[in-house]
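Examining the three-dimensional arrangement
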Amino acid sequence: MSMQQKIEQSLGALAPVHLQVLDESHMHSRGVETHYKAVLVSEQFEGLNSVKRHQKVYATLGDLMGQFHALALHTYTPREWEQTGAAPASPTCAGGSRH
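A brief structural summary. (Residues numbered from 1 in each chain as written. Predicted model: local features only at pLDDT ≥ 70, side-chain atom pairs only at ≥ 80, totals over all residues. Heavy atoms only, no water.)

1. A closer look at the nonpolar core
Operational definition: By convention a nonpolar core is built from buried Ala, Val, Leu, Ile, Met, Phe, Trp, Tyr and Cys residues, the set being connected through side-chain atoms within 4.5 Å. Throughout this description, buried means an accessible area under 20% of the type-specific maximum (1.4 Å probe, protein chains only), exposed means over 50%, and partly exposed covers the range between. Here, two residues are considered to be in contact whenever any of their heavy atoms come within 4.5 Å of each other.
With 15 residues, the main nonpolar core has Ile7, Leu11, Tyr36, Val57, Leu61, Phe68 and Leu71 as its most contacted residues. Other than its neighbours up to four places away in sequence, Leu11 contacts Pro16, Leu19, Val21, Ala38, Leu40, Val57, Thr60 and Leu61.

Take a look at the structure:
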């Protein structure tokens, strides 16, 4: 099972109405299966600010968090997602890697 699939499977615990996990490792210099972007829409984010939402995602991923370098999170309630419809594009890697 790929890291992307493991992340998707774990995030299923948040009962998402929309889930998209993208492997963006090719945009960075740290190798394969290192950088991910997750777009997650869940009722469980209702009433939570972005920090609390991200903490909920980190707790859900647990030990997986130590198995990759970066995770860009875009978390929405269903109502927010209905209004927004898309997550922002990921920025180009600014470098900084010594690899």
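Anyway, onward from the coordinates.
2. Thoughts on the packing of aromatic side chains
Put simply, the rule is: Working definition: rings of Phe, Tyr and Trp (its six-membered ring) pair if their centres are within 6.5 Å, and the pair is stacked with planes under 30 degrees apart, edge-to-face with planes over 60 apart, and tilted otherwise. Helix numbers and strand numbers start at the N terminus; a helix is a DSSP run of H or I with at least 4 residues, a strand a run of E with at least 2.
The tally for this structure, following the rule as stated, stands at 2 aromatic pairs. Both rings, one in Tyr36 and one in Phe68, keep their centres 5.6 Å apart while their planes meet at 75°; by these two values the pair is edge-to-face. Of this pair, Tyr36 sits in strand β2 (residues 35-41) while Phe68 sits in the loop between α2 (50-61) and β3 (70-76); the two residues are 32 residues apart in sequence, bridging distant segments of the chain. Phe68 matches Tyr36 in its accessibility class, with the two residues each being buried.

3. Describing the sheet that holds β2
Counted only if it meets this: Pairing between strands is defined by DSSP: at least two bridges between the two strands are required. For helices, the axis comes from a line fit to the C-alpha atoms of the stretch in contact; other axes are also lines fit to C-alpha atoms, and the angle between any two N-to-C directions lies between 0 and 180 degrees.
If you walk across this open sheet you meet the 3 strands as β1-β2-β3, and the pairing is mixed. The outermost strands of the open sheet, each flanked by one partner alone, are β1 (18-23) and β3. Put simply, the sheet's adjacent strands are angled 10° from each other on average, direction ignored. Two elements, β1 and β2, share 6 bridges in a ladder whose sense is antiparallel. Of the residues in β2, the one forming a bridge with Leu22 is Lys37. Strands in contact with helix α1 (residues 3-11) are β1 and β2; relative to β1, the strand with the most contacts, it is inclined by about 160°. Together, β2 and β3 form the strand contacts of α2, whose direction differs from that of β3 by roughly 125°.

By themselves, these are just geometric observations and shouldn't be taken as functional.
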